[in-house]
Amino acid sequence: MTLDTARIKQDFPVLERRIDGERLVYLDSANSSQKPRHVIRAMTEFMEHSYAPVNRSSYRLAAESNDAYEGARQRLQRFINAPRAHEVIFTKNATEALNLIVQSWGRAHLHSGDAVVLTHMEHHANIVPWQMLQAERGIEIRSVPLTDDGQLDLSNLDRLLDGAKAFSFTAMSNVLGTVTPIRRLTDAAHASGAIAIVDGCQSVPHLSTDVQAMGADFLAFSSHKMCGPTGVGVLWGRESLLDAMPPFLGGGNMISDVRLDGFDTAELPAKFEAGTPPIIEVVGLGAAVEYLQGIGMDAVRQHEMELAGYALRTLRDRFGDDIRIFGPDNVEVRGATFSFEFRGIHPHDVSQVLDQRNVCVRAGHHCAKPLMRVLGTPATTRASFYIYNDERDADALADALDSASDIFGF
Ligand SMILES: Cc1ncc(COP(=O)(O)O)c(C=O)c1O
């Protein structure tokens, strides 16, 4: 395989754990990834040696802390090829980044009858904020449907986008693993006069990201799915859009002046970073990006395509029609995230049996209930692979599914 997973596994302390003497097979990275030593050390060292509040105090320790915080922003800028560092805004998570777009850009630009286009494969974080605005403003929400193999059905895209003000879509489905044709979608949005918002939660950890090549206007993603800590997410936005938007949250740091009768907002990025930011977590995210850059995002993608192909073949060979894997077969248009139904056994039962074999998967609706309705199932079992997974892990999943068959009498 492209990546030396035996070596990479050693970077992740939790993967050294044995439960009942057996190794851990972590297949829940679409939910949240594990953390490498490099990130753990960077955060610990920062707390032990350089921690101080940022943007407030002028002593040397605070300057050092500020450099670490802003250094992480610059690293993120290079990682996603953003034109300017101050277009990179740190939020609490991707959910907050998407809410920021809807509450700030959306409330400034969308009025009764204006249309926003989503897709049938969105996470709730890219549905509910729009529905909240719909309740307040009476906007129209349209959705791009799916093909039978879980890709976007673009046959009516131009009609759906006609007159729309925004097209907000995921770059990779957290349920189906489908990688969407980002450039085609952003071009179509712009051709209709809509802005293009990309939910990069599942793509940024797995594919190389270039916001300029994507043609996106906004990109949202979370640190905790890309080897970084929880508590921090990223919103990237075009400078011209961010500059024209009103602040999202009010408080310290996002102002240039406050009087008893009003306030003036600070410049970017401070304008959208109200209150004490997640300083330690941002440093950890910077270290996570450094770690991923050390591996190389093209190698990450290559590895996951190989692994996706292997897992698909293994599961199909072993279980044939007894397993229904949602999403495309072609690894060129999918990541290594698999949602499946297995022999009619309830996903929660499947995941419980898998857990007895130390195979960690997620069961449920994966925060994509509208998609579950389209798929005609209330829940699936989901196995999601990352840089520290290999063929042995796919085999362990198949072996554990065999145990589930035995337990449930197949
Ligand atoms: C596609 C997608 N969008 C948004 C989110 C929300 O991310 P977070 O919970 O980190 O805010 C997720 C998390 O599962 C996701 O997979």
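Here the structure is a predicted model, which is why all the values come from computation and not from measurement. (Residues numbered from 1 in each chain as written. Predicted model: local features only at pLDDT ≥ 70, side-chain atom pairs only at ≥ 80, totals over all residues. Heavy atoms only, no water.)

Colleague: Tell me about the site of the ligand, and name the residues and values.
Modeller: The full set close to the ligand counts 13 residues, and Thr95, Asp199, Gln202, Ser222 and Lys225 are the nearest of them. In this structure, Thr95 approaches the ligand through a side-chain N or O atom, which is 2.6 Å from an oxygen atom. Within the side chain of Lys225, a nitrogen or oxygen atom sits 2.6 Å from an oxygen atom of the ligand. Computed on the free molecule, the ligand has an accessible area of 390 Å², of which 90% lies beneath the protein chains in the complex. The residue makeup of the shell around the ligand, split by class, is three nonpolar, eight polar and two charged. (Near = heavy atom within 4 Å. Polar contact = N/O pair within 3.5 Å; in protein donor to acceptor, adjacent residues only side chain to side chain. Areas by Shrake-Rupley, 256 points an atom, 1.4 Å probe, with all protein chains shown as cover. Nonpolar A, V, L, I, M, F, W, Y, C, P; charged D, E, K, R; others polar.)

Colleague: Let's hear about a nonpolar patch on the surface: which residues, and what values?
Modeller: A surface patch of nonpolar side chains, about 320 Å² in accessible area, is lined by Ile407, Phe408 and Phe410. With respect to the helices and strands, Phe410 occurs in the segment after α14 (391-407). (Patch = residues over 30% accessible without salt bridge, like charges linked within 9 Å, V, L, I, M, F, W, Y side chains within 5 Å. Salt bridge = Lys/Arg side-chain N within 4 Å of Asp/Glu carboxyl O. Helix = DSSP H or I, 4+ residues; strand = E, 2+ residues; numbered from the N terminus.)

Colleague: Requested: an account of the state of the cysteines, with residues and values cited.
Modeller: Scanning the entire structure with this criterion turns up zero disulfides. Free cysteine Cys201: the closest other cysteine sulfur is in Cys367, separated by 11 Å. (Disulfide = S-S within 2.5 Å.)

Colleague: Can you tell me about the pairing of strand β5 (residues 115-119), naming the residues and giving the values?
Modeller: For β5, the buried fraction is high: five of the five residues fall into the buried class. Covered by surrounding structure in β5 are Ala115, Val117 and Thr119 together with Val116 and Leu118, the residues of both alternating faces. Two strands pair when backbone bridges link them, and β5 and strand β6 (residues 140-144) are joined in this way by five bridges, in the parallel orientation. Among the inter-strand pairings, Leu118 is bridged to a residue of β6, identified as Ser143. For the crossover that starts at β5, traverses helix α5 (residues 128-137) and ends in the parallel β6, the hand is right-handed. Examined bridge by bridge, β5 and strand β7 (residues 164-170) share three bridges and lie parallel to one another. The residue bridging Val117 from the neighbouring strand is Phe167, located in β7. (Buried < 20%, exposed > 50% of the residue type's maximum accessible area, 1.4 Å probe, protein only. Pairing = 2+ DSSP bridges. Right-handed = clockwise from strand over helix to strand, strands pointing away.)

Colleague: Give a description of the nonpolar core that names residues and reports values.
Modeller: Counting 73 residues, the largest nonpolar core has Phe90, Phe167, Leu219, Met226 and Ile387 as its most contacted members. When residues in this core are grouped by element, the largest group, 11 residues, is from helix α10 (residues 279-295). The contact partners of Phe167, leaving out residues within four places of it in the chain, are Val117, Leu118, Thr119, Val144, Leu157, Leu161, Leu185, Ala189, Ala194, Ile195, Ala196 and Ile197. Listed in part, the 31 residues of the second largest apolar core include Phe319, Ile345, Val350 and Ala383. (Core = buried A, V, L, I, M, F, W, Y, C linked by side-chain atoms within 4.5 Å. Contact = heavy atoms within 4.5 Å.)

Colleague: Which residues make up the packing of helix α12 (residues 347-356) against α14, and what are the values?
Modeller: For the pair α12 and α14, interaxial distance at closest approach is 9 Å and the crossing angle is 115 degrees. Relative to α14, α12 is oriented so that their crossing is right-handed. In this structure, α12 uses Val350, Val353, Leu354 and Gln356 to contact α14, whose residues at the interface are Leu397, Ala400, Leu401, Ser403, Ala404 and Ile407. Considering only residue class, the contact of α12 with α14 consists of eight nonpolar, two polar and no charged. (Axes fitted to C-alpha atoms, helices over the stretch in contact; angles between N-to-C directions. Left-handed = near helix turned anticlockwise from the far one by under 90°.)

Colleague: Tell me what's going on with the pattern of salt bridges, and back it up with residues and numbers.
Modeller: Enumeration over the complete set of coordinates arrives at 24 salt bridges. In this structure, Arg316 engages Asp329 in a salt bridge whose closest nitrogen and oxygen atoms are separated by 2.7 Å. Remark: Asp329 occurs in the loop between β13 (323-325) and β14 (337-342) and Arg316 occurs in helix α11 (residues 297-319); sequence separation between them is 13 residues. With a relative accessible area of 31%, Arg316 lands in the partly exposed category. Residue classification places Asp329 among the partly exposed residues on the basis of a relative accessible area of 47%. Residue Arg318 is joined to Asp399 by a salt bridge in which the shortest nitrogen-to-oxygen separation is 2.6 Å. Within this pair, whereas Arg318 is found in helix α11, its partner Asp399 is found in helix α14, the two being separated by 81 residues in sequence. One continuous salt-bridge network, built from bridges that share partners, spans Asp257, Arg259, Asp261 and Asp264.

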